[in-house]
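What follows is each chain in one-letter form.
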Amino acid sequence: MQPSVESLVRLLESYRGRDKVIRMACYGSQLVGGALSRRAEADNSSHRLGKRLLLFSAQLSHCRTVLRLFDDLSMLAYSKSYGFGGKEEDAGLRWLSVLNNVADQLYYPCEHIAWAADAELLRVKSDKWWVLSTVLWGSSLLLGILRSLRVLMLLKKTLNRCESDDGGNSSPSQLRRQMRGEILNILSSTVDLSNAVHWMPPGFLWAGRFPPWLVGLMGTISSLVGLIQMNAGDSEETDST
């Protein structure tokens with residue numbers, strides 16, 4: 001019990017870890033709240049609890065939006081350090097990464113403007129800015145999926161060469177671990193992309209057709225994957241030290 005509490009405390013002490021916990025609580029509340037609110041005719045108490053959980057989920061989502069007001073500089077620093085990907089040997093991987101960074105960089109100011117409009121800090125309509133930020137988020141997710149597929153293909157080639165040559169700079173176990181990480185990235189981005197399409201204007205694919213519990217389920221899956229990846233990354237750092 002004590003190690004679990006200490007791990008949670010360490011997770012909450014970092015910005016990235018706290019965001020993942022809030023995200024998990026947000027989508028988990030939406031999943032449970034959406035499921036309970038469907039039982040309106042059967043159980044009024046469950047329906048009321050479901051509504052409260054949906055309200056709680058909305059507040060956590062708003063909290064994450066406010067916290068992202070301070071992410072622009074860190075994203076800009078990352079984009080600047082990556083540049084045009086001169087260190088990448090594969091051209092396809094390089095340009096997918098560059099486009100992904102551009103989409104991420106543009107996403108933040110669009111979301112900030114939408115938030116400021118809803119908060120009546122700016123005299124503009126927020127609708128088009130929310131749509132634009134969702135388009136950029138969805139584009140980033142799609143580019144991330146394509147990038148992970150490209151990385152998987154390159155890793156598979158390296159693994160086959162490593163196994164056939166019985167040597168190389170990377171061990172097969174390390175390559176397989178990297179491949180599992182990319183598969184998790186694809187899973188997480190795919191379920192998030194399904195939610196991004198849901199939040200697009202009506203008439204675009206399945207936009208607006210997901211019930212709250214399904215949005216919560218997709219987000220919960222993505223959040224769980226993110227926590228697993230973060231825990232795996234921390235374990236690798238601990239092993240290396």
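Only a predicted model underlies this, so the values are computations on that prediction, with no experimental measurement involved. (Residues numbered from 1 in each chain as written. Predicted model: local features only at pLDDT ≥ 70, side-chain atom pairs only at ≥ 80, totals over all residues. Heavy atoms only, no water.)

**Student:** I'd like a rundown of the overall build of the chain, residues and numbers included.
**Tutor:** Within the chain, the regular secondary structure consists of 8 helices and 0 strands. The proportion of buried residues among the 241 residues of the chain is 36%. The contacts in the chain between residues at least 6 apart in sequence include a share of 63% that link residues at least 24 apart. About 14,900 Å² of surface is accessible on the chain, with carbon and sulfur atoms providing 61% of the total. Computed over 27 positive and 24 negative side-chain charges, the inter-centroid distance for the chain is 5 Å. (Helix = DSSP H or I, 4+ residues; strand = E, 2+ residues; numbered from the N terminus. Buried < 20%, exposed > 50% of the residue type's maximum accessible area, 1.4 Å probe, protein only. Contact = heavy atoms within 4.5 Å. Areas by Shrake-Rupley, 256 points an atom, 1.4 Å probe, with all protein chains shown as cover. Lys, Arg positive; Asp, Glu negative; His and termini not counted. Charge placed at Lys NZ, Arg CZ, Asp CG, Glu CD.)

**Student:** Residue-level account of the packing of helix α2 (residues 15–37) against helix α3 (residues 44–67), with values.
**Tutor:** α3 packs onto α2 with a crossing angle of 155 degrees between their chain directions and a minimal axis gap of 7 Å. Judged by the inter-axis angle, α2 sits roughly antiparallel to α3. Helix-helix and strand crossings are classified by hand; for α2 and α3 the assignment is left-handed. In terms of residue class, the contact of α2 with α3 is built from 13 nonpolar, 10 polar and 3 charged. (Axes fitted to C-alpha atoms, helices over the stretch in contact; angles between N-to-C directions. Parallel < 35°, antiparallel > 145°, perpendicular 65-115°, else oblique. Left-handed = near helix turned anticlockwise from the far one by under 90°. Nonpolar A, V, L, I, M, F, W, Y, C, P; charged D, E, K, R; others polar.)

**Student:** Please give an account of the UniProt feature "transmembrane region" (unreviewed entry) in the chain that cites residues and values.
**Tutor:** Residues annotated in UniProt with the feature "transmembrane region" (unreviewed entry) correspond here to residues 129–149. Helix makes up 100% of residues 129–149 and strand 0%. Its end C-alpha atoms lie 30 Å apart. (UniProt positions renumbered as here; feature names shortened; annotations may be inferred.)

**Student:** With reference to specific residues and values, describe the nonpolar core.
**Tutor:** By size, the foremost hydrophobic cluster in this structure holds 10 residues: L93, I145, V151, L152, L155, L159, C162, L175, M179 and I186. Counting only elements with at least two residues in this core, the list comes to α6 (127–165) and α7 (172–198). In terms of residue count, α6 provides more of this core than any other element does, 6 residues in total. Leave out the neighbours within four places in its chain, and L159 touches P172, L175, R176 and M179. (Core = buried A, V, L, I, M, F, W, Y, C linked by side-chain atoms within 4.5 Å.)

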